[in-house]
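# Overview (structure and organization)
Chain residues, written in single-letter form:
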Amino acid sequence: MAEFCLDCWNKLNGKNFTEKDYILSGELDLCEECGEWKPVIVRTRRCPALYTLRTWLRSKLRRK
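For the structure given in this document, a descriptive report is provided here. Numbers given for residues are sequential positions, taken from 1 along each chain in its written order. Per-residue local features are limited, in this predicted model, to residues with pLDDT of at least 70; the limit for side-chain atom pairs, both in listing and counting, is 80 or more; totals at the level of whole chains, interfaces and linings are taken over all residues. Only heavy atoms go into the side-chain values, all of them from the structure, while hydrogens and water stay out.

Helices and strands together make up the secondary structure of the chain, namely two helices and four strands. Taking as baseline every contact in the chain between residues at least 6 positions apart, the subset at least 24 positions apart corresponds to 42%. Accessible surface is estimated by sampling points in the Shrake-Rupley manner with a 1.4 Å probe; for residues, cover comes only from the protein chains shown. When the accessible surface of the chain is summed, it comes to about 5,200 Å², and 54% of that surface belongs to carbon and sulfur atoms. Labels follow the DSSP assignment, with helices taken as runs of H or I lasting at least four residues and strands as runs of E lasting at least two, numbered in each case from the N terminus. Contacts are assigned to residue pairs with any non-hydrogen atoms lying within 4.5 Å of each other.

Below is the structure:
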């Protein structure tokens, strides 16, 4: 499977996806498009809205 960083993936597809839309690798990997060591896309998030809600809840709970 090809491994692309988020920037190159957006450039190839003409889109503007964010980290909320995809799960990125925890370690640096070689992007096959730009040849730089960056986190690459592992898979699509099932529900980006759920990720946003979970992130918002965590930030509210940490403030207390």
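Here we take up the side chain of serine 25. Tracing the backbone shows serine 25 in the loop between strand 1 (22-24) and strand 2 (29-30). Between N or O atoms, a polar contact is any pair within 3.5 Å; within protein, one atom must be a potential hydrogen donor and the other a potential acceptor, and residues adjacent in sequence are included only when both atoms are from side chains. A polar contact of 2.8 Å, which involves the side chain of serine 25, links it to the backbone oxygen of glutamate 27.

Glancing now at helix 1 (residues 6-13). When helix 1 is considered as a whole, its buried residues turn out to be Leu6, Cys8 and Asn10. In this structure, the buried residues of helix 1 make contact with strand 1 and strand 4 (41-44). Looking at the residues trailing helix 1, positive phi occurs at glycine 14, about 65°. Burial classes follow relative accessibility: with a 1.4 Å probe on protein chains only, a residue under 20% of its type's maximum area counts as buried, one over 50% as exposed, and anything between as partly exposed.

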